[in-house]
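Chains, contacts and geometry: an overview
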Amino acid sequence: KFGLSPRECQVVALLVKGMTTKEVAKELNLSANTVKSFLRMIMAKMGVSTRAGVVGKLHENIQP
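Conventions and cut-offs
Residues numbered from 1 in each chain as written. Predicted model: local features only at pLDDT ≥ 70, side-chain atom pairs only at ≥ 80, totals over all residues. Heavy atoms only, no water. Helix = DSSP H or I, 4+ residues; strand = E, 2+ residues; numbered from the N terminus. Rg over C-alpha atoms; globule rule 2.2 N^0.38 Å. Buried < 20%, exposed > 50% of the residue type's maximum accessible area, 1.4 Å probe, protein only. Contact = heavy atoms within 4.5 Å. Core = buried A, V, L, I, M, F, W, Y, C linked by side-chain atoms within 4.5 Å. Arc of directions from axis to C-beta. Salt bridge = Lys/Arg side-chain N within 4 Å of Asp/Glu carboxyl O. Axes fitted to C-alpha atoms, helices over the stretch in contact; angles between N-to-C directions. Parallel < 35°, antiparallel > 145°, perpendicular 65-115°, else oblique. Left-handed = near helix turned anticlockwise from the far one by under 90°. Nonpolar A, V, L, I, M, F, W, Y, C, P; charged D, E, K, R; others polar.

**Quick notes on the overall build of the protein chain**
Along the backbone of the protein chain there are four helices and zero strands. Written out in order from the N terminus, the α and β elements of the protein chain read α-α-α-α. On C-alpha atoms alone, the protein chain measures out to a radius of gyration of 11 Å, which is about the 11 Å that the 2.2 N^0.38 rule sets for 64 residues. Taking the principal axes of the C-alpha coordinates as reference, the protein chain spans close to 35 × 20 × 20 Å. Taking all 64 residues of the protein chain together, 30% fall into the buried category. For the protein chain, contacts bridging at least 24 residues in sequence account for 49% of all contacts bridging at least 6.

**Details of the nonpolar core**
Core analysis: the biggest nonpolar cluster contains 17 residues, and V11, V24, L39, I42, M46 and V54 have the highest contact counts within it. Taken together, the elements giving at least two residues each to this core come down to α1 (6-16), α2 (21-28) and α3 (32-46). Looking at which element gives the most residues to this core, the answer is α3, with six residues. Ignoring any residue separated from it by four or fewer positions in sequence, one finds V24 in contact with V11, L14, M19 and V35.

**Focus: α1**
Looking only at α1, the buried set comprises E8, V11, V12, L14 and L15. Seen along its axis, α1 keeps its buried residues to an arc of 165°; they face one direction. Summarising the contacts, the buried residues of α1 are in contact with α2, α3 and α4 (51-62). Looking one or two residues beyond α1, the residue adopting positive phi is G18, at roughly 90°.

**A short note on the pattern of salt bridges**
Across all of its chains, the model carries one salt bridge by this definition. The closest approach of N and O atoms between E8 and K45, which form a salt bridge, is 2.8 Å. With E8 in helix α1 and K45 in helix α3, the pair connects residues that are 37 residues apart, well separated along the chain. Look at K45 and you get partly exposed, because its relative accessible area is 39%.

**Considerations on the packing of α1 against α2**
The contact between α1 and α2 brings their axes to 10 Å, and the two run at 130°. With respect to α2, the axis of α1 lies oblique. Relative to α2, α1 is oriented so that their crossing is right-handed. In this structure, α1 contributes R7, Q10, V11 and L14 to the contact, and α2 contributes V24, E27 and L28. When grouped by side-chain class, the residues that make up the contact of α1 with α2 number four nonpolar, one polar and two charged.

Here it is in structure tokens:
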């Protein structure tokens, strides 16, 4: 729905689990700055300005 790339979806999945930027970076073998860049792109695509906004937007879109 939001046009996220497969890698962005991986970042979102880990974000939903409550992982920090550093934890996501370690899990995906990326630098923390790369993860932050992905998060900025994800937030722009979803039209939100915070990590919590990403999770909230996902929650809104999975409700029946």
